[in-house]
Amino acid sequence: MDFQNEMKKIEKNWNKILKDIYKKINGGKMNQLSPKKIAYKLEEITKPNFETNSDNNIDFLILAAPTGGGKTTIGKELEKLGIVRFPRHVTRPPRPGEVNGKDYFFISMDEFKQKEKKGDFMQTSYTYGEGRGTDRKTFFDMIKNKKKFYIDGSARTPLDFIDNPEIKGINFVSICFLPPTFRELIKRLLKRVGQDKDMTKEYIVKRMQTALKQLSQAKNTIDVFYVNDNYMRVVKEIQKNIK
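Note that the structure is predicted; figures quoted are calculated from it, not measured.

Cut-offs and rules
Residues numbered from 1 in each chain as written. Predicted model: local features only at pLDDT ≥ 70, side-chain atom pairs only at ≥ 80, totals over all residues. Heavy atoms only, no water. Buried < 20%, exposed > 50% of the residue type's maximum accessible area, 1.4 Å probe, protein only. Helix = DSSP H or I, 4+ residues; strand = E, 2+ residues; numbered from the N terminus. Pairing = 2+ DSSP bridges. Lys, Arg positive; Asp, Glu negative; His and termini not counted. Salt bridge = Lys/Arg side-chain N within 4 Å of Asp/Glu carboxyl O. Polar contact = N/O pair within 3.5 Å; in protein donor to acceptor, adjacent residues only side chain to side chain. Contact = heavy atoms within 4.5 Å.

*Asks:* Help me get a handle on the pairing of strand β8 (residues 172-178), residues and values and all.
*Replies:* Burial analysis of β8 places seven of its seven residues in the buried class, the great majority of the element. The two faces of β8 match: Phe172, Ser174, Cys176 and Leu178 on one face and Val173, Ile175 and Phe177 on the other face are all buried. Looking at chain direction, strand β1 (residues 60-64) and β8 are connected through five bridges and run parallel. Bridge pairing in β8 places Leu63 opposite Ile175. In terms of strand pairing, β8 meets strand β9 (residues 224-227) through four bridges, oriented parallel. In the strand pairing of β9, Phe177 is matched with Tyr226.

Here it is as structure tokens:
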């Protein structure tokens, strides 16, 4: 595999998708902007969506980002502010430091499919051969107890909540964290090669190909884009709009 060549192809598609998102959100207008400026422009023109929703008292957030986008780091900071993580059900084994029932509920694929068949999940997805599900009872218990929480998802996760009659009257905001540039994202990931046993160049290519598919859905699912150039800046922006 020619890693550099693969990254060039993915970067080209990444920048094209960002332009398409910007054009759709900007009413069909496409200004001559560099990829970096487009990312910041997306933040600028979508931030008012958060401010509008905050007037209606936000119940939960959906966080999305490509691998290396800083979603986990930002999520941990939000937890310090009392916005708890929603523990989704997953079929993979726990990673170091992850706690069953707090970070996720770790179950087998057979158990997952049984729960899915019974209708226990509001939302399910399968990525990299792993199942992820949002448990209905846990969700409504947290809403009933007025707990502010976030769901660690992807750009397609909001599709399972948008126009869902079950959550009529429940207010949420979907957020996507973007790197300043695609190359900055790859630099972050390459630093982890050799430190994280799962992080290889082949793994990066696979993850970025998936990220492209998910990003292409963002123009129809994401309310607010933030450029994660400084995670505490982003946390403070979110905090301003959570009552």
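What follows picks up the thread again.
*Asks:* Tell me what's going on with the side chain of Lys148, and back it up with residues and numbers.
*Replies:* You can see Lys148 is positioned in the loop between α5 (136-144) and β7 (149-152). Of the side chains with opposite charge, Asp59 lies nearest to the buried Lys148, which makes no salt bridge, at 5.2 Å. A polar contact of 2.8 Å, which involves the side chain of Lys148, links it to the side chain of Asn57. In contact with Lys148, not counting residues within four places along its chain, are Asn57, Ile58, Asp59, Gly82, Ile83, Val84, Ile242 and Lys243.

Function cannot be read off these values alone, since they describe shape.
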